[in-house]
Amino acid sequence: MGKSKKKDLPDLRHLCVPGAEIPVRATPRAARNAITAAESVLKISVTAVPENGKANGAVRSLLAAAMGTAASNLDLRRGAASRDKVFVYNGPA
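Just so it is clear, the structure is predicted and the values come from calculations on it, not from any experiment. All residue numbers refer to positions counted from 1 along the written sequence of the respective chain. Per-residue local features are limited, in this predicted model, to residues with pLDDT of at least 70; the limit for side-chain atom pairs, both in listing and counting, is 80 or more; totals at the level of whole chains, interfaces and linings are taken over all residues. As a rule here, side-chain values cover all heavy atoms of the structure and leave hydrogens and water aside.

Draft legend 1. Fine view of the overall build of the protein chain. Runs of E in the DSSP output that reach at least two residues are strands. Runs of H or I that reach at least four are helices, and both are numbered from the N terminus. A tally of helices and strands in the protein chain yields one helix and five strands. In the protein chain, the order of α-helices and β-strands from amino to carboxyl end is β-β-β-α-β-β. A compact globule built from 93 residues should have a C-alpha radius of gyration of about 12 Å, and the protein chain, at 12 Å, falls within 12% of that. Referenced to the eigenvectors of the C-alpha coordinate spread, the extents of the protein chain come out at roughly 35 × 30 × 25 Å. Residues classed as buried in the protein chain amount to 33% of the 93 residues present. Summarising the internal contacts of the protein chain: among those between residues at least 6 apart in sequence, 46% fall at separations of at least 24. For this measure, only C-alpha atoms enter the radius of gyration; the expected value for a globule follows 2.2 Å times N^0.38, where N is the number of residues. For every residue, the accessible area obtained with a 1.4 Å probe (protein chains only) is divided by the maximum for its type, and the residue is called buried under 20%, exposed over 50%, and partly exposed between those limits. In this description, contact between two residues means that some pair of their heavy atoms is separated by no more than 4.5 Å.

What follows is the structure in C-alpha cells.
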C-alpha cells in the first residue's frame, strides 16, 4: 500500500465531529490513492486489493490522513464487504 502525500489530499478536518457518520464509496485496485468529494459521499480510491481487509485498512488510513487524525479514531460501521461504506469518527472534537 503506497502512502499518499498530505498535500495531495483534500482538507477534511471539518468531518472531525464526534459521532459523525462519513459515507464512503471505495474503489480498490486503483492506479493511485485519491479522495474526491461527490454529492453526498466521498469517493476514495486505493491501490490495495480487497483481500483480508487490506482495502478497508487502506481506505481508513487515507481518510484519517485527510481528516488530520489517527486511523484508530475511525470505526467502520457498515460495509466491510461492500464498496459503499460508513465510517464513524470517535475521536476528540
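Draft legend 2. How the structure looks around helix α1 (residues 54-67). Expected helix span is taken as 1.5 Å per residue step, with the number of steps being one fewer than the number of residues. Compared with the 20 Å implied by 1.5 Å per residue over 14 residues, the 20 Å span of α1 between its first and last C-alpha is a close match. Taken together, the buried residues of α1 touch β1 (21-27), β2 (34-37), β3 (42-45), β4 (74-78) and β5 (84-89). Following α1 by one or two positions, G68 has its phi on the positive side, about 75°.

Draft legend 3. Structural view of the side chain of T69. Here T69 is to be found in the loop between α1 and β4. Polar contact is the term for a pair of N or O atoms within 3.5 Å; when the atoms are in protein, one must be able to donate a hydrogen and the other to accept it, and sequence-neighboring residues count only if both atoms are side-chain atoms. At 2.6 Å, the side chain of T69 forms a polar contact with the side chain of N73. Not counting residues up to four positions away in its chain, the partners in contact with T69 are A64 and Y89.

Draft legend 4. How the structure looks around the nonpolar core. Think of a nonpolar core as a cluster: buried Ala, Val, Leu, Ile, Met, Phe, Trp, Tyr and Cys residues, connected wherever their side-chain atoms sit within 4.5 Å. Counting 22 residues, the largest nonpolar core has I44 and L63 as its most contacted members. Only β1, β3, α1 and β5 provide two or more residues apiece to this core. When residues in this core are grouped by element, the largest group, eight residues, is from α1. Not counting the four nearest positions on each side in its chain, I44 is found in contact with V24, R25, A26, T27, A34, I35, V59, L62 and L63.

Draft legend 5. Region of interest: the pairing of β2. Each pair of strands is called paired provided DSSP finds at least two bridges between the two strands. In terms of strand pairing, β2 meets β3 through four bridges, oriented antiparallel. By the bridge assignment, I35 is partnered in β3 with I44. Count of turn residues in the β2/β3 antiparallel hairpin: four residues.

Everything listed here is a matter of geometry and, on its own, says nothing about what the molecule does.
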